[in-house]
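# Tertiary structure, described
Okay, here's what each chain looks like letter by letter:
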Amino acid sequence: MNSNSAERRTGRATAWCGFLCLALVLSACTSAGDSRQRTTPPANSAAPSTGASVGVPPCTPSVDTLPAPPAGYRLVGKDVAVPDAPVLSAETSGEADPAARLFAKWGLVVRAGRVVDLRVAPGWQDKARLGWGRTGIPGATATVHACTPEGGQAQWMAFVGGTWVARAACVPLIVTSNGQTDRVNVGIGTPCDKTTTP
């Protein structure tokens, strides 16, 4: 009787051990499959900040995500919005570069998922600088990569930065995105008007 009970207990223990081993094997397979799926980004997700994709710049750090460009902004082409104010106030920047003596801080708003190239217009390379979403020396050109945020909910992204100038001026900027190039004038310390010649 005791030996039969012992055999039944041993049989149950063996079956239970087999069940546990099978469960562990299945969960290990499922976990590996799940982790592989999680590490593969969806088609519209943000590119890694290292810029691993060939030919794609790293994501530019944004300060906000928005459903649409905010009030007080105007569209430049289809993918970029800039302040609609006639004048953006400029203050002494402290930069050594003579072309960056004054600075007007303003946010650039870019459609999520777009890469935008901005530059000061020809003839302005020694008079103005620009930059958004990064620290460092202002330049005559800047690239903003508005990686689509996780979840893909936001349609637009805001980037902190602005424009530097040698002196108050109406600065012409060239904006290129998605194969389209547009030009926009921005009043830095002085308004742009119809008589302004870039």
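Structural data are supplied above this passage.
Residues numbered from 1 in each chain as written. Predicted model: local features only at pLDDT ≥ 70, side-chain atom pairs only at ≥ 80, totals over all residues. Heavy atoms only, no water.

This next bit is on the pairing of strand S2 (residues 73–76). In this structure, S2 lies alongside strand S3 (residues 80–83), joined through four bridges in antiparallel fashion. Considered in S3, the bridge of Val76 is made with Val80. In this structure, the hairpin formed by S2 and S3 is closed by a connection of three residues, where Gly77 is found at a positive phi of approximately 70 degrees. (Pairing = 2+ DSSP bridges. Helix = DSSP H or I, 4+ residues; strand = E, 2+ residues; numbered from the N terminus.)

Let us now look at the sheet that holds strand S10 (residues 156–159). Strand order in the open sheet made by the five strands is S1-S10-S6-S3-S2, with antiparallel pairing throughout. The sheet is open, and its two edges are formed by strand S1 (64–66) and S2, each paired on a single side. The mean inter-strand angle of the sheet, taken between neighbouring strand axes irrespective of direction, is 30 degrees. Relative to S10, strand S6 (residues 108–111) is paired through four bridges, and the arrangement is antiparallel. Each bridged residue has a counterpart across the sheet, and for Val109 the counterpart in S10 is Ala158. (Axes fitted to C-alpha atoms, helices over the stretch in contact; angles between N-to-C directions.)

Looking at the secondary structure, you find Ala85 in the loop between S3 and strand S4 (91–92). Judged by relative accessible area, Ala85 falls into the partly exposed class, the value being 36%. Sequence separation between Ala85 and Gly72 is 13 residues; the distance between their C-alpha atoms is 7.0 Å. (Buried < 20%, exposed > 50% of the residue type's maximum accessible area, 1.4 Å probe, protein only.)

Before going further, it helps to spend a moment on the nonpolar core. What tends to happen in soluble globular proteins is that the nonpolar side chains get buried as a cluster. One finds Trp106, Leu108, Leu118, Trp132, Val171, Leu173 and Ile188 to be the most contacted residues of the largest nonpolar core, which totals 32 residues. Apart from the residues within four sequence positions on either side, Ile188 is in contact with Leu88, Ala90, Ala104, Trp106, Thr163, Val165, Ala168, Ala169 and Val171. Membership of the second largest hydrophobic core comes to five residues, among which are Leu66, Ala81, Val109 and Trp156. (Core = buried A, V, L, I, M, F, W, Y, C linked by side-chain atoms within 4.5 Å. Contact = heavy atoms within 4.5 Å.)

All chains considered together, the criterion is met by four salt bridges. Here Arg111 and Asp79 are joined by a salt bridge, their closest N and O atoms 3.1 Å apart. Of the two residues, Arg111 is situated in strand S6 and Asp79 in the loop between S2 and S3; the sequence distance between them amounts to 32 residues. Between Asp79 and Arg114 there is a salt bridge; the shortest N-O distance is 3.2 Å. Of the two residues, Asp79 is situated in the loop between S2 and S3 and Arg114 in the loop between S6 and strand S7 (115–120); the sequence distance between them amounts to 35 residues. Looking at Arg114, the relative accessible area reads 28%, which means it is partly exposed. Each of Asp79, Arg111 and Arg114 takes part in a single network of salt bridges with overlapping partners. (Salt bridge = Lys/Arg side-chain N within 4 Å of Asp/Glu carboxyl O.)

Right, let's get into the sheet that holds strand S5 (residues 102–105). The four strands lie next to each other as S4-S5-S11-S8, forming an open sheet whose pairing is antiparallel. Lying at the two open borders of the sheet, with one neighbouring strand each, are S4 and strand S8 (128–132). Sheet topology places S8 next to strand S11 (residues 161–165); five bridges connect them, and they run antiparallel. Across the sheet, residue Gly131 finds its bridge partner in S11, namely Gly162.

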